[in-house]
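The chain contents come next:
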Amino acid sequence: MASSLVFVSRPSFPRQQFLALLDLAAAEQLIPQGLELSIKTSEERLVAKVHYAAGSPDRLQQLATEFIDRHVTAGTLAYADMCLAVVPEEVASAPQLLLLMDVDSTLIKQEVIELLAAHAGREKEVAEVTEAAMRGELDFAQSLIQRVATLKDLPDSVLAEVGERIIFSDGAPSLVRRFHAAGHKVAVVSGGFQQILDPLASTLNLDHALANTLGITDGVLDGTVHGEIVDRQMKETKLRAWSEEHKIPLNATIAAGDGANDLDMVAAAGLGIAFNAKPALRDKADVRLDFGRLDVIADLVLDDLN
């Protein structure tokens, strides 16, 4: 089965060190000896792709993981220096892709529930519950109900205040622009809140955006979530539904997130990406991306670099 092995460096990674790493990959038979590699640049990152016409992508992924682990252990490389990914041909050559991302700590840098909880003086308590949920130690739905209850009686004006503090992850707008320019679809699904997500989705011109809806009564948060909770199962459900809506095969989808709540969609997608992720997700995903540039996803799967 055809696939590509893609090396993407962190920004400003020394070119000579990148070339030396490729030489090591050839010496250790991860890439063919004597192959002329074209190295491209993307926002101060170095990108090299090796195409394999045949072979097992799973075996190649295992070899790539062992290669990185070995050099991290030796102290010659850090996980945050390099993203090394095996991209299936079904993704690399798809006429149209669907990219589905988590929002909190993926599309954006913050956890919205913690920003809201700060207004109620409960930030530390809520942050501890959020961390446990993202590690997979707590049921997400129950933890969400528990955390939202701490917001009871806050004026709904805090939603706009928090919205103004949101910071996109580095490279997020560029990622969406590049995918749209190539004719692909970009969506987000979040365990956060629709009232915060809607303006972000509008700014980025996302194709789909779904999150939980906070209950509001007479201009005050009532401490509840209205409707069906967006949990890990719902995230996978929307991946499948939106891919079907756009007639995009599931093996031409990409899912990216950072926590246990993203496990199901990352496992179901044609390419699953752990973005600065907790171990619960990082150890299960196809791709481990440990430096904070979301547009590396475009480097991996698009052919738009000069």
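Here, every reference points to the structure presented above.
Remember, predicted model here, so these are calculated numbers, not experimental data.

A.B. asks: Which parts of the structure should I look at to understand helix H8 (residues 157-165)?
C.D. replies: Note on helix geometry: an α-helix contains 3.6 residues per turn, so any two residues three or four positions apart are oriented the same way. Of all the positions in H8, only Val158, Leu159 and Val162 are classed as buried. Buried positions in H8, seen along its axis, are confined to an arc of 105 degrees and lie on one side of it. Against helix H5 (112-119), helix H10 (194-204), strand S7 (208-217) and strand S8 (220-226) lie the buried residues of H8.

A.B. asks: In this structure, what is going on with the sheet that holds strand S5 (residues 98-101)? I would like to understand it.
C.D. replies: Paired through their backbone hydrogen bonds, the strands of a sheet run either parallel or antiparallel. With mixed pairing, the seven strands of this open sheet are ordered in space as S8-S7-S6-S5-S9-S10-S11. Every interior strand has two partners, whereas the edge strands, S8 and strand S11 (287-289), have only one. In this sheet, neighbouring strand axes are inclined to one another by 25 degrees on average, regardless of whether the strands run parallel or antiparallel. Taken together, the three bridges between strand S10 (residues 271-275) and S11 define a ladder with parallel strand orientation. Looking across to S11, one finds that Ile273 is bridged to Val287.

A.B. asks: Just to check I follow, could you spell out the packing of H5 against H8 for this structure?
C.D. replies: Packed helix pairs are characterised by how far apart their axes lie and by the angle those axes make with each other. Packing of H5 against H8 brings their axes to within 10 Å, and their N-to-C directions diverge by 130 degrees. Taken as axis vectors, H5 and H8 run oblique relative to one another. Judged by the twist between their axes, the crossing of H5 over H8 is right-handed. The segment H5 lies against H8, with Val112, Leu115, Leu116 and His119 engaging Val158, Leu159, Glu161, Val162 and Arg165. When grouped by side-chain class, the residues that make up the contact of H5 with H8 number six nonpolar, one polar and two charged.

A.B. asks: Explain the nonpolar core to me, please; I cannot follow it from the model alone.
C.D. replies: Generally speaking, nonpolar side chains in soluble globular proteins are found buried as a group. Among the nonpolar cores identified, the biggest contains 87 residues, and Phe179, Ile254, Leu300 and Val301 are the most heavily contacted of them. Here Leu300 is in contact with Val6, Val8, Lys49, Cys83, Ala85, Val87, Ile273 and Val287, once residues within four sequence places are set aside. Grouped together as the second largest cluster of nonpolar side chains are 23 residues, Phe18, Ala26, Tyr52 and Ile68 included.

A.B. asks: Hey, could you run me through the environment of Leu22 in this one?
C.D. replies: With respect to the element layout, Leu22 can be found in helix H1 (residues 15-27). Along the sequence, Leu22 and Leu37 sit 15 residues apart, while their C-alpha atoms lie 9.0 Å from each other.

A.B. asks: Please clarify how the pattern of salt bridges should be interpreted in this entry.
C.D. replies: Should their charged atoms come close, side chains of opposite charge can pair. Evaluation of the coordinates by the stated rule reveals 21 salt bridges. Here Lys124 and Glu128 are joined by a salt bridge, their closest N and O atoms 2.7 Å apart. In this pair, Lys124 and Glu128 both sit in helix H6 (residues 123-134), four residues apart, roughly one turn of the helix. According to the relative accessible area criterion, Glu128 is partly exposed, its value standing at 46%. With a closest N to O distance of 3.6 Å, Lys152 and Asp153 form a salt bridge. Within this structure, Arg45, Arg178, Arg293, Asp295, Asp299 and Asp304 form a network of salt bridges that share partners.

A.B. asks: Would you mind going over the pairing of S10 with me for this structure?
C.D. replies: The side chains of a regular strand alternate between the sheet's two faces. Burial of S10 is extensive: five of the five residues sit out of reach of the surface. Judged by which residues are buried, S10 turns out to be covered on both faces: Leu271, Ile273 and Phe275 on one side and Gly272 and Ala274 on the other are all buried. By the bridge criterion, four bridges tie strand S9 (residues 253-257) to S10 in an arrangement that is parallel. The residue of S10 that forms the bridge with Ala256 is Ile273. Once you follow S9 into helix H12 (residues 263-268) and on to S10, the crossover reads as right-handed.

A.B. asks: Teacher, can you tell me more about the sheet that holds strand S3 (residues 45-52) here?
C.D. replies: The strand order across the open sheet built from four strands is S2-S3-S1-S4, with neighbouring strands paired in antiparallel fashion. Across the chains shown, the open sheet's two edge strands, defined by having one partner strand only, are strand S2 (39-42) and strand S4 (82-88). Across the sheet, the mean angle from the axis of one strand to that of its neighbour is 25 degrees, orientation sign disregarded. Sheet topology note: the S2/S3 ladder contains four bridges and is antiparallel. Within S3, the residue paired with Ile39 across the bridge is Ala48. Helix-sheet contacts for helix H2 (residues 57-73) involve strand S1 (3-9), S3 and S4, and the interaxial angle to S4 is about 175 degrees.

A.B. asks: Mind showing me how you'd approach the environment of Gly270 here?
C.D. replies: Within the secondary structure, Gly270 sits in the loop between H12 and S10. Take Gly270: its relative accessible area is 22%, and that puts it in the partly exposed class. Expressed as a C-alpha distance, the spacing of Gly270 and Asp231, which sit 39 residues apart in the sequence, is 20 Å. Ignoring sequence-local partners within four residues, the contact set of Gly270 consists of Pro88, Val91, Leu250, Asn251, Thr253 and Asp286.

Conventions we followed
- Residues numbered from 1 in each chain as written.
- Predicted model: local features only at pLDDT ≥ 70, side-chain atom pairs only at ≥ 80, totals over all residues.
- Heavy atoms only, no water.
- Buried < 20%, exposed > 50% of the residue type's maximum accessible area, 1.4 Å probe, protein only.
- Helix = DSSP H or I, 4+ residues; strand = E, 2+ residues; numbered from the N terminus.
- Arc of directions from axis to C-beta.
- Contact = heavy atoms within 4.5 Å.
- Pairing = 2+ DSSP bridges.
- Axes fitted to C-alpha atoms, helices over the stretch in contact; angles between N-to-C directions.
- Parallel < 35°, antiparallel > 145°, perpendicular 65-115°, else oblique.
- Left-handed = near helix turned anticlockwise from the far one by under 90°.
- Nonpolar A, V, L, I, M, F, W, Y, C, P; charged D, E, K, R; others polar.
- Core = buried A, V, L, I, M, F, W, Y, C linked by side-chain atoms within 4.5 Å.
- Salt bridge = Lys/Arg side-chain N within 4 Å of Asp/Glu carboxyl O.
- Right-handed = clockwise from strand over helix to strand, strands pointing away.

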